[in-house]
Amino acid sequence: MLHLEHSWSWLAVMVGVLLGARPSACRDLSGSRPNILLLMADDFGIGDIGCYGNNSIRTPNIDRLAEDGVMLTQHIAAASVCTPSRAAFLTGRYPLRSGMVSSNGYRVLQWTGVSGGLPTNETTFAKILKDRGYATGLIGKWHLGLNCESSNDHCHHPLNHGFDHFYGMPFSMMGDCIHWELSEKRAGMEHKLNVCFQIMAFAALTLTAGKLTHLTSGSWTPVVWSTIAATLLFVTSYSIGVLIVHADCFLMRNHTITEQPMHFQRTTSLILKEVSSFVQRNKHRPFLLFVSFLHVHTPLITTEKFRGKSAHGLYGDNTEEMDWMVGQILDTLDMEGLTNSTLVYFTSDHGGSLEAQLGKEQYGGWNGIYKGGKGMGGWEGGIRVPGIFRWPGVLQAGRVIHEPTSLMDVFPTVVQLGGGEVPQDRVIDGRSLVPLLRGAAEHSAHEFLFHYCGKYLHAARWHEKDSGRLWKVHYMTPRFHPKGAGACYGRGVCPCSGDGVTQHSPPLLFELSRDPSEARPLSPDSEPLYNMVVAQVGEAVEQHRKTLSPVPTQFSLSNIIWKPWLQPCCGTFPFCACGQDEDHSET
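Model, not experiment: these values are computed from the prediction.

Draft legend 1. Highlighting the side chain of Asn147. Mapping Asn147 onto the fold places it in the loop between strand 3 (135-141) and strand 4 (165-169). Within polar-contact distance, the side chain of Asn147 engages the backbone nitrogen of His154 at 2.8 Å. Side-chain polar atoms of Asn147 contact the backbone oxygen of Leu566, separated by 3.2 Å. Not counting residues within four places of it along the chain, the set of residues in contact with Asn147 comprises Val114, Ser115, Asn152, Asp153, His154, Cys155, His156, Leu566 and Pro568.

Draft legend 2. The arrangement of the state of the cysteines in detail. Taken as a whole, this structure holds six disulfides when the rule is applied. A sulfur-sulfur separation of 1.9 Å characterises the disulfide bridge that pairs Cys569 with Cys576. With the S-S bond torsion at -115°, the cross-link from Cys569 to Cys576 turns out left-handed. Here the two residues Cys569 and Cys576 agree in accessibility, since each one is buried. Here Cys570 is linked by a disulfide to Cys578, with a sulfur-sulfur distance of 2.3 Å.

Draft legend 3. Geometry of helix 5 (residues 186-212). In this model, helix 5 (27 residues) spans 38 Å end to end at C-alpha, consistent with the 39 Å of a helix rising 1.5 Å per residue. Among the residues making up helix 5, those that are buried are Arg186, Glu190, Leu193, Ala201, Ala204, Gly210 and Lys211. Among the structural elements, helix 6 (221-248) are those in contact with the buried residues of helix 5. In the segment just after helix 5, His214 is the residue with positive phi, at about 60°.

Draft legend 4. Representation of the nonpolar core within the structure. Leu38, Phe89, Phe125 and Phe346 are the most contacted members of the largest nonpolar core, which totals 115 residues. A total of nine residues in this core trace back to one element, the largest contributor, which is helix 8 (residues 313-335). Core analysis: the next-biggest nonpolar cluster, separate from the first, contains 25 residues, Phe448, Val473, Leu509 and Ala540 among them.

Draft legend 5. Expanded view of the pattern of salt bridges. Going through the model one piece at a time under the given rule, you end up with 24 salt bridges. Salt-bridge contacts for Arg186 lead to Glu190; the nearest nitrogen and oxygen are separated by 3.2 Å. On the criterion of helical spacing, the pair formed by Arg186 and Glu190 is a turn pair, its members being four residues apart in helix 5. Put simply, Glu518 and Lys472 hold a salt bridge, and the shortest N to O gap is 2.7 Å. One end of the pair, Glu518, is in the loop between strand 16 (501-511) and helix 12 (530-545); the other, Lys472, is in strand 15 (residues 469-478), and 46 residues separate them in sequence.

Draft legend 6. Main features of the sheet that holds strand 14 (residues 456-464). Pairing is antiparallel across the open sheet formed by four strands, whose spatial order is 13-14-15-16. For this open sheet the edge positions go to strand 13 (448-453) and strand 16, each flanked by a neighbour on one side alone. Each neighbouring strand pair of the sheet contributes to a mean axis angle of 15°, computed without reference to strand direction. Set on the sheet, helix 12 makes contact with strand 13, strand 14, strand 15 and strand 16; between it and strand 14 the angle comes to about 120°.

Draft legend 7. Molecular detail of the packing of aromatic side chains. Across all of its chains, the model carries 17 aromatic pairs by this definition. Look at Phe278 and Phe287: their rings are 5.9 Å apart centre to centre, the planes differ by 90°, and that puts the pair in the edge-to-face class. According to the relative accessible area criterion, Phe278 is buried, its value standing at 2%. According to the relative accessible area criterion, Phe287 is buried, its value standing at 0%. Above the ring of Trp111, the side-chain terminus of Lys185 is found at 3.6 Å from the ring centroid.

Draft legend 8. Summary view of the sheet that holds strand 1 (residues 35-41). The strand order 12-2-11-8-1-7-3-4-5-6-19 describes an open sheet built from eleven strands, whose pairing is mixed. The sheet is open, and its two edges are formed by strand 12 (399-406) and strand 19 (578-579), each paired on a single side. The strands touched by helix 3 (residues 82-91) are strand 1, strand 3, strand 7 (287-292) and strand 8 (342-348); relative to strand 1, the strand with the most contacts, the crossing angle is about 165°.

Draft legend 9. Main features of the environment of His161. Examined against the element boundaries, His161 turns out to sit in the loop between strand 3 and strand 4. Ignoring any residue separated from it by four or fewer positions in sequence, one finds His161 in contact with Leu118, Pro119, Thr120, Glu122, Thr124, Ala126, Lys127, Trp142, Cys155 and His156. Within the local environment of His161, its side chain forms a polar contact with the backbone oxygen of Leu118, the two atoms lying 3.0 Å apart.

Draft legend 10. Structural detail: the pairing of strand 7. Along strand 7, six of the six residues are buried, which leaves the element largely enclosed by surrounding structure. Burial along strand 7 is two-sided: the residues Phe287, Leu289 and Val291 and Leu288, Phe290 and Ser292 are all buried. Relative to strand 7, strand 1 runs parallel, the two being bridged by five bridges. Bridge pairing in strand 7 places Met40 opposite Ser292. Where strand 3 and strand 7 come together, six bridges link them in parallel fashion. Bridge pairing in strand 7 places Gly140 opposite Ser292.

Draft legend 11. The arrangement of the packing of helix 5 against helix 6 in detail. Between helix 5 and helix 6, the least distance of the axes is 8 Å, while the angle of their chain directions is 160°. Considered as vectors, helix 5 and helix 6 are oriented roughly antiparallel to each other. Once helix 5 is placed against helix 6, the crossing between them reads as left-handed. Along the lines of polarity and charge, the residues of the contact of helix 5 with helix 6 split into 16 nonpolar, seven polar and three charged.

Draft legend 12. How the structure looks around the UniProt feature "domain: Sulfatase N-terminal" (unreviewed entry) in the protein. Feature annotation in UniProt places "domain: Sulfatase N-terminal" (unreviewed entry) on residues 34-419, given in this structure's numbering. Here residues 34-419 is 34% helix and 17% strand, with 10 Å between the C-alpha atoms at its ends.

Draft legend 13. Inspection of a nonpolar patch on the surface at higher detail. A surface patch of nonpolar side chains, amounting to about 650 Å² of accessible area, comprises Leu212, Trp220, Val224, Trp225, Ile228 and Leu232. The greatest single-element share of the nonpolar patch, amounting to four residues, is contributed by helix 6. Looking at where Val224 falls in the secondary structure, it is placed in helix 6. The class for Val224 is partly exposed, based on a relative accessible area of 43%.

The rules we used
Residues numbered from 1 in each chain as written. Predicted model: local features only at pLDDT ≥ 70, side-chain atom pairs only at ≥ 80, totals over all residues. Heavy atoms only, no water. Helix = DSSP H or I, 4+ residues; strand = E, 2+ residues; numbered from the N terminus. Polar contact = N/O pair within 3.5 Å; in protein donor to acceptor, adjacent residues only side chain to side chain. Contact = heavy atoms within 4.5 Å. Disulfide = S-S within 2.5 Å. Buried < 20%, exposed > 50% of the residue type's maximum accessible area, 1.4 Å probe, protein only. Expected span 1.5 Å × (residues − 1). Core = buried A, V, L, I, M, F, W, Y, C linked by side-chain atoms within 4.5 Å. Salt bridge = Lys/Arg side-chain N within 4 Å of Asp/Glu carboxyl O. Pairing = 2+ DSSP bridges. Axes fitted to C-alpha atoms, helices over the stretch in contact; angles between N-to-C directions. Phe/Tyr/Trp six-rings, centres within 6.5 Å; stacked < 30°, edge-to-face > 60°. Lys NZ or Arg CZ within 6 Å of the ring centre and 35° of its normal. Parallel < 35°, antiparallel > 145°, perpendicular 65-115°, else oblique. Left-handed = near helix turned anticlockwise from the far one by under 90°. Nonpolar A, V, L, I, M, F, W, Y, C, P; charged D, E, K, R; others polar. UniProt positions renumbered as here; feature names shortened; annotations may be inferred. Patch = residues over 30% accessible without salt bridge, like charges linked within 9 Å, V, L, I, M, F, W, Y side chains within 5 Å. Areas by Shrake-Rupley, 256 points an atom, 1.4 Å probe, with all protein chains shown as cover.

Structure representation (structure tokens):
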């Protein structure tokens, strides 16, 4: 009888296997180390995605990630511009702690050939996971520095920060890469050079006239040197655009320049090819791959397949192409049988740029109901970003979390999942999202989050967990231009300090849980808890400041000024020309 029961139990097991009995909806994490795929858009507005409420730009692949995974609705960047936000993402620390902030107005690295960058003593999640046996790769945008003392010391290079493999732009996509009308630095430099040329030319003509009319005596040397200077200024003013393209708009594979300058219509296909190659090479071991899209930063380079296809001009075209790229990358996981063993995360480095306009054409993103945008340290539109996690069988599909979280949380989250240890020798501001994503925790581990613009604290939020209320206190806000507008139009980006901001004393207070658009500031008359909330947040700010230590700034003038001896070049600058990548097809 016992033998018969034993036989029936084995039969039941075999039937279950043959019928494909399903595992439980959420697997146990113990002993499981997933592959980790991190997808980050550039300058992407949270209001431009279908799953976050947009119904006019097609993002089916990002939406599918959200349907199959967990969506965060209060996901916050640590800075509202590229370089400091990405530094915080990689290290899990406010950028102020690593010196990746500015007090002089230059809030991102301005050139490839500068000595500023992510300090070598900072620990990225890539370093920790590499030590735990992960293959680590970065494909796309870096923008965290390259060299310190020579053009090939690579002190700030991704390979010096824990990545085994790098392919992409050491700098950033920008309008100047294609001599676009929306210029980051070319137009301003041309104007300054032209003014200097006119002054020097006038001086040369005046000195020459004085010599010819015998009104002045002495050597012709000042005339010669002023004429040479005027000629050099004239030539430089007309060639600066070409110099910028060669200096900043190039691709590298590891330490080797592969394309300088870039051929933009094939960049998308090259990036997708590199992603597929990395996944195939490392599919038999755990890997961490950070795909840092060049989309949707201006100048919105878009292949012909997607140009003119959206309802929102070139920005919409570029967004829909990026969504297609997301789909191609997810298909690669499917084809390699890695979908169920890979944690996928999608986000943006900060909000969309409202000032990216030419006439009536908008070339920056839409931040939905949230006020402000890129470059605005405290307003939600500049720092609230998409946050989507997918891990089939582990994370419950279709779940939405309305708790405050941060891009800095990705650091401890992937370190924990990869079997690493969070560093104990420094302050880590991120908190692991694993309990929240798994449903083991009801609330975010963050009670307070602090919002900087450069080195200046503009705002702070308090999540009052007992009541569920979410408060936001603003100490400074940018002055919009023109008055009454919703951004700093005509100025590129809003300033962090000085005459361009308004200091609030008493501070502005909003209750984001009821007023996410920050449209109705509260006062002691309208909110009985006003004084208590402002005092509580003020005390948290003081405690936070006690954890800060002085560090060398990476954005000092000496660190952000272009240095010719630091300029990478496959040749002798400015005669840089190479194209080692073989794929000349257009996607």
